[in-house]
Amino acid sequence: MSDVYPVPDRVRIGTNNPITSMDTYRSAAAHAQNDPDQFWLDETRRNVVWRTPPTLGVSGNFRNIVDSPITWFADGTLNITESCVDRHAAEHPNKVAIVWESDTPGEGYNITYKELHQQVCQAANALSGMGLKKGERAIIYMGMVPEAAIAMLACARIGAVHSVVFGGFSAEAIRDRVRDCGAEIVITQDQGLRGTKAIPLKNIADQALQGESSVKQVLVVQRTGGDVTWVDGRDVWWHDAVGNASTEHTAVECAAEDPLFILYTSGSTGKPKGLVHTCGGYITYTQYTHRTVFDLRDDDVYACVADVGWITGHSYIVYGPLANGATTVMFESVPTFPDAGRYWDLVERHKVTIFYTAPTAIRALAAQGDAFVTKYDRSSLRVLGTVGEPINPDAWEWYYNVVGERRCNIVDTWWQTETGGIAIAPIAPATPTKPGSATLPMPGILPVLLDTDGERITGPGEGRLCIDHPWPGLARTVWGDHDRYGAVYFTTFRGYYFTGDGCRRDADGYYWITGRVDDVINVSGHRMGTAEFESALVSDESVAEAGVVGYPHPIKGQGVYAYIVLQPGVTGSEALAKELNLTLRRLIGAHARVDLYQFVPGLPKTRSGKVMRRILRKVAEGEPEKLGDISTLADPSVVEAIVAGCKL
Ligand code: WTA
């Protein structure tokens, strides 16, 4: 097997982490397994601010999630902004809460905890003044500006439920989400900026709200001063509504199990589902994992360069770090602007100690050469994290050797929108690492590998990754559709939460995620459903049928491959492929594009009409010789045509 890397001394010295060695890791994991209630009650009472401290641990059961939903700390009450803001504003008001790294290097600013408290209170007052009430929903459609985090916290402070929609999504995607959650308010900005490119967020939001809509008001941050469409009586500038509001606000008391936010994510079938995270369990789990995995220290400058539109941004830019009173960086730009040294320039200027990014970015930057890295002083760095997709050992080694100069340790963190926080990862000062492995489960996470018959695999082996017992960060339901939640996650393997990932366990008990085993594809760490692509493609009038699969891509992890059956009389061309990508952009968003198109006479189907996706995958992966049994196909000649055909 591959090398084991011990924890560098620099990471082991001077930590306050409760887990500092494999012995303390094993005893925490045993405690969390044997007495999860006590383990998590102790943790939350110590590190989360409660109005009414809970006495109850978990209830509910994976065997019958529909009648017996999961709850944690159900008799507690709190407002999570008192954990994220108020206590730090009182204890260390002048500590920097948010370092804003604007698109143009050097034009950002810092926000202290005292200022964050004032601004969250102002925004909470403004949102209440606009009529937003506890339990009602607000869509946040923004770029990476501090107001995005302030808006999330302000919603939480009044007990409203936010749903952040990534700033790359289209008007159609926003409309779907507004409808699904019945949002009252949209919070957006005039334009987003990414590498000098302006994204007309407000105008896209306006398109989404055309016609009948539940949205009564739109709150707009002015970022660029660019032109926007404006609806009088509905639209309000942030600087007017928030800037003039009082800086005093008493947070609304919430039950532990009140929803904190909805985040839409893609699955195997249908439209994205609105996963619901609740207040008490989520904040407990994100602060715990953030503090332990990254080995957070008082003077750390922590930079997660994800986007708040995804779960990584929620849990590890906003909620986890702020609950821990950390200094968290918000990065507005892209890693290649003004050049491929941007991340390391950011590290040098802000003296970043913990840096967290996706393997795609590491691969893309490694391909640009080491000089972009070595040009900058990275001596402040101590812990380097990755998330979102499997990291190949070469990229891991480059991150470790070149970026971290072999002084830092790498935490490859496996988790999902559903898990709320990191579930399998090294704990920086404790866990020896192996390049490409997410290593060991967090205390309280009980991973199980099952074979396709649902039998538990013990010891080394490879199977479907499931989790055996609820943990506080688990998403509780799908908004408005608890049955779908039960069906998607708890019926494939009865009694277990099914992750959708395949995984190998080695002789040391280390976990190696092998990727999705369902119809979800992971492109540059962005999670997308093949069904969403297919339904968008068939909406184009040239297309009769579409079959979309992932294939290995050297930089993006996976690329998107589409087999297209055209309507009679239409012929495939480069121009049509471009047009179809525009359709995807319009219906899903800027991040949704097909890398390779193949126009085919038909899709391989069984006699009962089911598309044999296995065949589509094998051809896209360039392994047509491994098609396996095709005798159940209705028309085997389709396969010959697919194998012989060319890609555009
Ligand atoms: C994949 C992102 C391998 C996995 C936090 C998972 C990973 C999906 C890793 C969730 C990792 C995430 N190693 N694969 N370290 N981290 N994944 O919901 O397939 O956007 O199921 O959450 O990303 O994606 P999501």
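Just above sits the structure.
Residues numbered from 1 in each chain as written. Predicted model: local features only at pLDDT ≥ 70, side-chain atom pairs only at ≥ 80, totals over all residues. Heavy atoms only, no water.

Caption draft 1: Fine view of the side chain of Thr419. Topologically, Thr419 is positioned in the loop between strand 20 (409-413) and strand 21 (447-450). A polar contact of 2.8 Å, which involves the side chain of Thr419, links it to the backbone oxygen of Gly421. Beyond its immediate stretch of four places on either side in the chain, Thr419 contacts His277, Tyr285, Trp414, Trp471, Gly473 and Leu474. (Helix = DSSP H or I, 4+ residues; strand = E, 2+ residues; numbered from the N terminus. Polar contact = N/O pair within 3.5 Å; in protein donor to acceptor, adjacent residues only side chain to side chain. Contact = heavy atoms within 4.5 Å.)

Caption draft 2: How the structure looks around helix 5 (residues 113-129). Taking 1.5 Å per residue, 17 residues should reach 24 Å; helix 5 reaches 24 Å between its end C-alpha atoms and fits that length. Of the positions making up helix 5, those classed as buried are Tyr113, Leu116, Val120, Cys121, Gln122, Ala123, Ala124, Ala126 and Leu127. Looking at the residues trailing helix 5, positive phi occurs at Gly131, about 100°. (Expected span 1.5 Å × (residues − 1). Buried < 20%, exposed > 50% of the residue type's maximum accessible area, 1.4 Å probe, protein only.)

Caption draft 3: Structural view of the site of the ligand. Taken together, 17 residues are adjacent to the ligand, and Asp412, Thr413, Thr417, Asp501 and Arg527 come closest. Arg516 is positioned with one of its side-chain polar atoms (N or O) 2.8 Å from an oxygen atom of the ligand. Within the side chain of Arg527, an N or O atom sits 2.6 Å from an oxygen atom of the ligand. Looking at the shell around the ligand, the elements with two or more residues in it are helix 11 (311-323), strand 20 and strand 26 (511-516). Partitioning the shell around the ligand into residue classes produces six nonpolar, six polar and five charged. (Near = heavy atom within 4 Å. Nonpolar A, V, L, I, M, F, W, Y, C, P; charged D, E, K, R; others polar.)

Caption draft 4: Local environment of the nonpolar core. Residues Leu116, Leu127, Ile187, Phe294 and Tyr319 are the most contacted members of the largest nonpolar core, which totals 119 residues. When residues no more than four places from it in sequence are discounted, the contact partners of Ile187 are Leu127, Ile139, Ile140, Tyr141, Met142, Ala151, Cys155, Leu219 and Trp238. Core analysis: the second largest hydrophobic core is formed by 48 residues, Cys181, Trp310, Leu576 and Leu580 among them. (Core = buried A, V, L, I, M, F, W, Y, C linked by side-chain atoms within 4.5 Å.)

Caption draft 5: Summary view of the side chain of Thr606. Looking at the secondary structure, you find Thr606 in the loop between strand 31 (596-599) and helix 19 (613-620). Judged by its relative accessible area of 17%, Thr606 falls in the buried class. Setting aside its immediate chain neighbours within four residues, Thr606 contacts Met612, Thr632, Leu633 and Ala634.

Caption draft 6: Examining the sheet that holds strand 19 (residues 383-387) more closely. Taking strand neighbours across the sheet as the criterion, the seven strands line up as 5-4-17-16-18-19-20 in an open arrangement whose pairing is mixed. Only two strands of the sheet have a single partner each, and these edge strands are strand 5 (109-112) and strand 20. With direction set aside, neighbouring strand axes in the sheet form an average angle of 20°. The pairing of strand 16 (residues 301-304) with strand 17 (residues 327-331) spans three bridges and is parallel. What sits directly across from Ala303, in strand 17, is Val329. Those strands touched by helix 15 (residues 393-403) are strand 18 (354-357), strand 19 and strand 20, and its axis lies near 160° from that of strand 19. (Pairing = 2+ DSSP bridges. Axes fitted to C-alpha atoms, helices over the stretch in contact; angles between N-to-C directions.)

Caption draft 7: Broad picture of the pairing of strand 31. Relative to strand 31, strand 30 (residues 557-566) runs parallel, the two sharing four bridges. The residue of strand 31 that forms the bridge with Ile564 is Phe599. After leaving strand 30, the chain enters helix 18 (residues 574-587) and then returns to the sheet as strand 31, a path that is right-handed. (Right-handed = clockwise from strand over helix to strand, strands pointing away.)

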